Amino acid sequence: MGKAFISLTFDDGLLCQFERAVPILDRYGFPGTFFLIANTESIFEDPRAEERGYEWHKIAWTKHDIQMLKKMAAHGHEIASHTVKHERQPSDPIYEAAESKRLIEAWMGIEAPSFCYPFYDTIRSLKEPVMAAGYRQARAGRQNSFYAFGDSFDPFAVDCRQIASSGEEVRAWVRPGCWHILTFHGIGTEADGWEAVTELEFSAQMEELARMRDAGELEIVTFNDGAARLTAP
(Lines give C-alpha, C1' and ligand atoms only; values in the text may rest on other atoms or scores of the structure.)
Protein backbone atom coordinates (compact mmCIF):
# COMPACT_ATOMS: atom_id res chain seq x y z
CA MET A 1 0.00 0.00 0.00
CA GLY A 2 2.99 2.33 0.31
CA LYS A 3 4.10 4.63 3.07
CA ALA A 4 1.83 7.11 4.80
CA PHE A 5 2.39 10.82 4.38
CA ILE A 6 1.48 13.34 7.05
CA SER A 7 1.18 17.12 7.13
CA LEU A 8 1.85 18.98 10.38
CA THR A 9 -0.20 22.18 10.44
CA PHE A 10 -0.18 24.99 13.01
CA ASP A 11 -2.97 27.54 13.40
CA ASP A 12 -3.07 31.19 14.44
CA GLY A 13 0.62 32.16 14.20
CA LEU A 14 1.11 31.84 17.95
CA LEU A 15 4.55 32.80 19.23
CA CYS A 16 4.83 29.55 21.16
CA GLN A 17 4.81 27.63 17.88
CA PHE A 18 7.89 29.45 16.63
CA GLU A 19 9.66 29.41 19.99
CA ARG A 20 8.98 25.74 20.84
CA ALA A 21 7.69 23.75 17.88
CA VAL A 22 9.90 25.02 15.03
CA PRO A 23 13.22 24.08 16.70
CA ILE A 24 11.89 20.55 17.25
CA LEU A 25 10.64 20.28 13.67
CA ASP A 26 14.02 21.48 12.39
CA ARG A 27 15.84 18.97 14.60
CA TYR A 28 14.14 16.15 12.68
CA GLY A 29 13.97 17.87 9.30
CA PHE A 30 10.18 18.03 9.35
CA PRO A 31 8.45 20.74 7.28
CA GLY A 32 5.42 22.36 8.91
CA THR A 33 2.59 24.45 7.49
CA PHE A 34 1.82 27.62 9.46
CA PHE A 35 -1.59 29.22 8.94
CA LEU A 36 -1.05 32.86 9.88
CA ILE A 37 -3.44 35.69 10.64
CA ALA A 38 -2.57 38.65 8.43
CA ASN A 39 -2.82 41.56 10.84
CA THR A 40 -0.21 43.40 12.85
CA GLU A 41 -1.74 42.96 16.32
CA SER A 42 0.52 41.12 18.76
CA ILE A 43 -2.35 39.65 20.79
CA PHE A 44 -4.51 36.94 19.25
CA GLU A 45 -8.07 38.14 19.87
CA ASP A 46 -10.07 35.02 20.55
CA PRO A 47 -13.06 34.53 22.88
CA ARG A 48 -11.59 31.24 24.07
CA ALA A 49 -8.59 33.12 25.46
CA GLU A 50 -10.74 35.81 27.03
CA GLU A 51 -12.93 33.19 28.73
CA ARG A 52 -9.83 31.74 30.39
CA GLY A 53 -8.29 35.07 31.29
CA TYR A 54 -5.31 34.66 28.95
CA GLU A 55 -3.61 36.77 26.33
CA TRP A 56 -2.38 34.53 23.55
CA HIS A 57 0.53 36.15 21.73
CA LYS A 58 1.02 35.86 17.99
CA ILE A 59 3.40 37.21 15.38
CA ALA A 60 2.75 40.87 14.52
CA TRP A 61 4.45 40.90 11.12
CA THR A 62 7.32 43.03 12.35
CA LYS A 63 10.56 43.11 10.36
CA HIS A 64 11.92 40.52 12.78
CA ASP A 65 8.87 38.29 12.27
CA ILE A 66 9.10 38.52 8.50
CA GLN A 67 12.81 37.75 8.54
CA MET A 68 12.14 34.69 10.71
CA LEU A 69 9.33 33.49 8.44
CA LYS A 70 11.43 33.93 5.30
CA LYS A 71 14.18 31.87 6.90
CA MET A 72 11.63 29.19 7.76
CA ALA A 73 10.30 29.15 4.21
CA ALA A 74 13.84 28.77 2.90
CA HIS A 75 14.18 25.68 5.12
CA GLY A 76 11.05 24.07 3.66
CA HIS A 77 8.25 25.25 5.94
CA GLU A 78 5.05 26.50 4.31
CA ILE A 79 3.62 29.92 5.13
CA ALA A 80 -0.15 30.01 4.61
CA SER A 81 -3.24 32.12 5.29
CA HIS A 82 -5.75 32.10 8.16
CA THR A 83 -7.71 35.29 7.25
CA VAL A 84 -7.09 38.87 8.39
CA LYS A 85 -9.36 39.11 11.43
CA HIS A 86 -10.05 35.47 12.43
CA GLU A 87 -13.77 36.07 12.92
CA ARG A 88 -16.27 33.38 13.87
CA GLN A 89 -18.78 35.08 11.54
CA PRO A 90 -16.72 36.87 8.87
CA SER A 91 -18.24 40.27 8.13
CA ASP A 92 -16.60 40.41 4.69
CA PRO A 93 -15.62 36.90 3.48
CA ILE A 94 -14.19 38.16 0.19
CA TYR A 95 -11.87 40.54 2.02
CA GLU A 96 -10.82 37.90 4.56
CA ALA A 97 -9.82 35.45 1.82
CA ALA A 98 -8.27 37.78 -0.75
CA GLU A 99 -6.65 40.40 1.47
CA SER A 100 -4.94 37.86 3.72
CA LYS A 101 -3.37 36.24 0.67
CA ARG A 102 -2.33 39.61 -0.74
CA LEU A 103 -0.75 40.79 2.50
CA ILE A 104 1.14 37.57 3.23
CA GLU A 105 2.50 37.37 -0.29
CA ALA A 106 3.55 41.03 -0.16
CA TRP A 107 5.35 40.58 3.16
CA MET A 108 6.95 37.27 2.21
CA GLY A 109 7.64 37.74 -1.49
CA ILE A 110 6.41 34.20 -2.20
CA GLU A 111 3.11 32.54 -2.99
CA ALA A 112 0.75 31.57 -0.16
CA PRO A 113 -1.04 28.64 -1.80
CA SER A 114 -3.00 27.32 1.19
CA PHE A 115 -5.80 28.60 3.42
CA CYS A 116 -7.32 27.49 6.73
CA TYR A 117 -10.89 28.29 7.79
CA PRO A 118 -11.08 29.84 11.28
CA PHE A 119 -13.10 27.82 13.79
CA TYR A 120 -13.40 25.11 11.10
CA ASP A 121 -17.07 25.82 10.29
CA THR A 122 -16.45 29.19 8.59
CA ILE A 123 -15.99 27.11 5.46
CA ARG A 124 -19.70 27.80 4.90
CA SER A 125 -19.09 31.48 4.19
CA LEU A 126 -15.46 31.43 3.09
CA LYS A 127 -15.13 28.50 0.71
CA GLU A 128 -16.23 30.29 -2.47
CA PRO A 129 -14.20 33.45 -1.71
CA VAL A 130 -11.15 31.27 -1.02
CA MET A 131 -11.51 29.54 -4.35
CA ALA A 132 -11.99 32.88 -6.11
CA ALA A 133 -8.91 34.37 -4.38
CA GLY A 134 -6.63 31.89 -6.14
CA TYR A 135 -5.64 29.48 -3.38
CA ARG A 136 -4.90 25.90 -4.40
CA GLN A 137 -6.40 24.20 -1.34
CA ALA A 138 -7.94 24.89 2.06
CA ARG A 139 -8.11 23.06 5.37
CA ALA A 140 -11.36 22.74 7.27
CA GLY A 141 -12.85 20.25 9.76
CA ARG A 142 -11.56 17.91 12.42
CA GLN A 143 -13.19 14.55 11.75
CA ASN A 144 -9.90 12.61 11.62
CA SER A 145 -10.34 11.55 7.99
CA PHE A 146 -7.61 9.89 5.97
CA TYR A 147 -7.24 10.38 2.23
CA ALA A 148 -6.05 7.65 -0.10
CA PHE A 149 -5.22 7.90 -3.78
CA GLY A 150 -8.43 7.42 -5.72
CA ASP A 151 -10.66 8.73 -2.90
CA SER A 152 -13.22 11.42 -3.61
CA PHE A 153 -11.36 14.56 -2.61
CA ASP A 154 -12.34 18.22 -2.34
CA PRO A 155 -9.12 20.28 -2.07
CA PHE A 156 -11.11 23.18 -0.60
CA ALA A 157 -12.63 21.15 2.23
CA VAL A 158 -9.69 19.13 3.56
CA ASP A 159 -10.35 17.46 6.89
CA CYS A 160 -7.84 17.25 9.72
CA ARG A 161 -7.13 15.64 13.07
CA GLN A 162 -6.88 18.20 15.86
CA ILE A 163 -4.21 17.19 18.34
CA ALA A 164 -5.47 17.71 21.87
CA SER A 165 -3.61 18.33 25.09
CA SER A 166 -2.92 14.72 26.03
CA GLY A 167 -3.60 11.06 25.33
CA GLU A 168 -2.66 11.00 21.66
CA GLU A 169 -1.44 7.71 20.20
CA VAL A 170 1.04 8.61 17.48
CA ARG A 171 0.56 5.38 15.54
CA ALA A 172 -3.13 6.19 15.24
CA TRP A 173 -2.06 9.04 12.96
CA VAL A 174 -0.56 6.68 10.40
CA ARG A 175 -2.33 4.60 7.79
CA PRO A 176 -0.26 3.10 4.93
CA GLY A 177 -0.80 4.71 1.57
CA CYS A 178 -2.85 7.60 2.99
CA TRP A 179 -2.49 11.30 3.69
CA HIS A 180 -3.50 12.68 7.04
CA ILE A 181 -3.40 16.28 8.28
CA LEU A 182 -2.60 17.03 11.92
CA THR A 183 -3.52 20.36 13.50
CA PHE A 184 -1.76 21.97 16.47
CA HIS A 185 -2.55 25.21 18.28
CA GLY A 186 -0.78 26.04 21.54
CA ILE A 187 2.60 24.47 22.24
CA GLY A 188 3.21 24.81 25.97
CA THR A 189 0.35 25.57 28.38
CA GLU A 190 -3.17 26.97 28.13
CA ALA A 191 -1.62 30.40 28.61
CA ASP A 192 0.08 29.96 25.20
CA GLY A 193 -2.83 28.88 23.01
CA TRP A 194 -5.93 26.77 22.57
CA GLU A 195 -5.77 23.00 23.21
CA ALA A 196 -2.13 23.30 24.18
CA VAL A 197 0.25 20.36 23.82
CA THR A 198 3.18 20.58 26.21
CA GLU A 199 6.59 21.07 24.67
CA LEU A 200 7.72 17.75 26.17
CA GLU A 201 4.77 15.88 24.69
CA PHE A 202 5.18 17.54 21.30
CA SER A 203 8.86 16.61 21.29
CA ALA A 204 8.01 12.98 22.11
CA GLN A 205 5.41 12.89 19.32
CA MET A 206 7.88 14.21 16.76
CA GLU A 207 10.54 11.77 17.97
CA GLU A 208 8.13 8.88 17.37
CA LEU A 209 7.27 10.17 13.91
CA ALA A 210 11.00 10.44 13.16
CA ARG A 211 11.52 6.80 14.15
CA MET A 212 8.69 5.76 11.84
CA ARG A 213 10.06 7.91 9.04
CA ASP A 214 13.51 6.39 9.44
CA ALA A 215 11.89 2.94 9.28
CA GLY A 216 10.32 3.86 5.93
CA GLU A 217 6.75 3.91 7.27
CA LEU A 218 5.90 7.54 6.56
CA GLU A 219 6.93 10.86 5.09
CA ILE A 220 6.25 14.35 6.44
CA VAL A 221 5.13 16.85 3.80
CA THR A 222 3.69 20.37 3.79
CA PHE A 223 -0.05 20.83 3.38
CA ASN A 224 0.52 22.19 -0.11
CA ASP A 225 2.62 19.19 -1.12
CA GLY A 226 0.16 16.71 0.38
CA ALA A 227 -2.76 18.20 -1.50
CA ALA A 228 -0.74 18.25 -4.71
CA ARG A 229 -0.14 14.52 -4.43
CA LEU A 230 -3.86 13.80 -4.08
CA THR A 231 -4.84 16.05 -6.98
CA ALA A 232 -2.06 15.02 -9.36
CA PRO A 233 -3.34 13.26 -12.51
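In case you missed it, the structure is sitting above this.
Presented here is a report on the structure given in the accompanying data block. (Residues numbered from 1 in each chain as written. Predicted model: local features only at pLDDT ≥ 70, side-chain atom pairs only at ≥ 80, totals over all residues. Heavy atoms only, no water.)

Turning to helix 5 (residues 123–133), a few remarks are in order. Every buried residue of helix 5 is accounted for by Ile123, Leu126, Pro129 and Val130. For helix 5, the angular spread of the buried residues around the axis is 145°, confining them to a single face. Opposite the buried face of helix 5, at more than 90 degrees from it, the exposed residues are Arg124, Glu128 and Ala132. Those residues of helix 5 that are buried are in contact with helix 4 (93–108), strand 6 (114–116) and strand 7 (137–139). (Buried < 20%, exposed > 50% of the residue type's maximum accessible area, 1.4 Å probe, protein only. Helix = DSSP H or I, 4+ residues; strand = E, 2+ residues; numbered from the N terminus. Arc of directions from axis to C-beta. Contact = heavy atoms within 4.5 Å.)

Applying the stated rule across the entire model yields 17 aromatic pairs. Where Phe10 meets Phe202, the ring centres are 6.0 Å apart and the plane angle is 70°; that geometry is what we call edge-to-face. Of this pair, Phe10 sits in strand 1 (residues 4–11) while Phe202 sits in helix 6 (residues 199–214), and the two are 192 residues apart along the sequence. Classification of Phe202 as buried rests on a relative accessible area of 0%. Ring geometry for Phe35 and Phe223: centres 5.8 Å apart, planes at 75°, overall edge-to-face. Taken together, the positions of Phe35 in strand 2 (residues 32–36) and Phe223 in helix 7 (residues 223–231) put the pair 188 residues apart, joining distant regions of the chain. Taking relative accessible area as the criterion, Phe35 reaches 0% and is therefore assigned buried. You can call Phe223 buried: its relative accessible area is 0%. Put simply, the rings of Phe5, Phe35, Tyr147, Phe149, Phe153, Trp179 and Phe223 pair up and form one aromatic cluster. Over the face of the ring belonging to Phe119 we find Arg88, whose NZ or CZ atom lies 4.0 Å from the ring centre. The ring of Phe146 has Arg175 lying over it, and the distance from NZ or CZ to the ring centre is 4.1 Å. (Phe/Tyr/Trp six-rings, centres within 6.5 Å; stacked < 30°, edge-to-face > 60°. Lys NZ or Arg CZ within 6 Å of the ring centre and 35° of its normal.)

Further remarks concern the pattern of salt bridges. One side chain can pair with another of opposite charge once the charged atoms of both are near each other. The full count for this structure, using the stated rule, is 17 salt bridges. Arg102 serves as the salt-bridge partner of Glu99, at 2.7 Å between the closest nitrogen and oxygen. Pair noted here: Glu99 and Arg102 are both in helix 4, with a separation of three residues, about one helical turn. The exposure class assigned to Glu99 is buried, which follows from its relative accessible area of 18%. Salt-bridge contacts for Arg213 lead to Asp214; the nearest nitrogen and oxygen are separated by 3.1 Å. Among the residues examined, Arg213 registers a relative accessible area of 27% and is labelled partly exposed. Residue Asp214 is classed as exposed on the basis of its relative accessible area, which comes to 59%. (Salt bridge = Lys/Arg side-chain N within 4 Å of Asp/Glu carboxyl O.)

On to the pairing of strand 5 (residues 78–81). Remark: a regular strand shows side chains that alternate across the two faces of the sheet. Neither face of strand 5 is exposed, since Glu78 and Ala80 on one face and Ile79 and Ser81 on the opposite face are all buried. In terms of strand pairing, strand 2 meets strand 5 through four bridges, oriented parallel. Residue Leu36 lies in a different strand from strand 5, and its bridge partner there is Ser81. (Pairing = 2+ DSSP bridges.)

Packing of helix 1 (residues 15–28) against helix 6 brings their axes to within 10 Å, and their N-to-C directions diverge by 20°. Between helix 1 and helix 6, the crossing angle belongs to the class labelled roughly parallel. Relative to helix 6, helix 1 is oriented so that their crossing is right-handed. Residue-level inspection shows Arg20, Ala21, Ile24, Leu25, Arg27 and Tyr28 of helix 1 in contact with helix 6, the latter providing Glu199, Phe202, Ser203, Met206, Glu207, Ala210 and Arg213. A breakdown of the residues in the contact of helix 1 with helix 6 according to their chemical character gives seven nonpolar, one polar and five charged. (Axes fitted to C-alpha atoms, helices over the stretch in contact; angles between N-to-C directions. Parallel < 35°, antiparallel > 145°, perpendicular 65-115°, else oblique. Left-handed = near helix turned anticlockwise from the far one by under 90°. Nonpolar A, V, L, I, M, F, W, Y, C, P; charged D, E, K, R; others polar.)

Let us look at the nonpolar core. Formed by 62 residues in total, the largest nonpolar core has its most connected members in Leu8, Trp179, Phe184, Phe202, Met206 and Leu209. For this core, the element with the highest residue contribution is helix 1, accounting for seven residues. Residues contacting Leu209, with those up to four places away along its chain left out, are Ile6, Leu8, Phe30, Val170, Trp173, Leu218 and Ile220. (Core = buried A, V, L, I, M, F, W, Y, C linked by side-chain atoms within 4.5 Å.)

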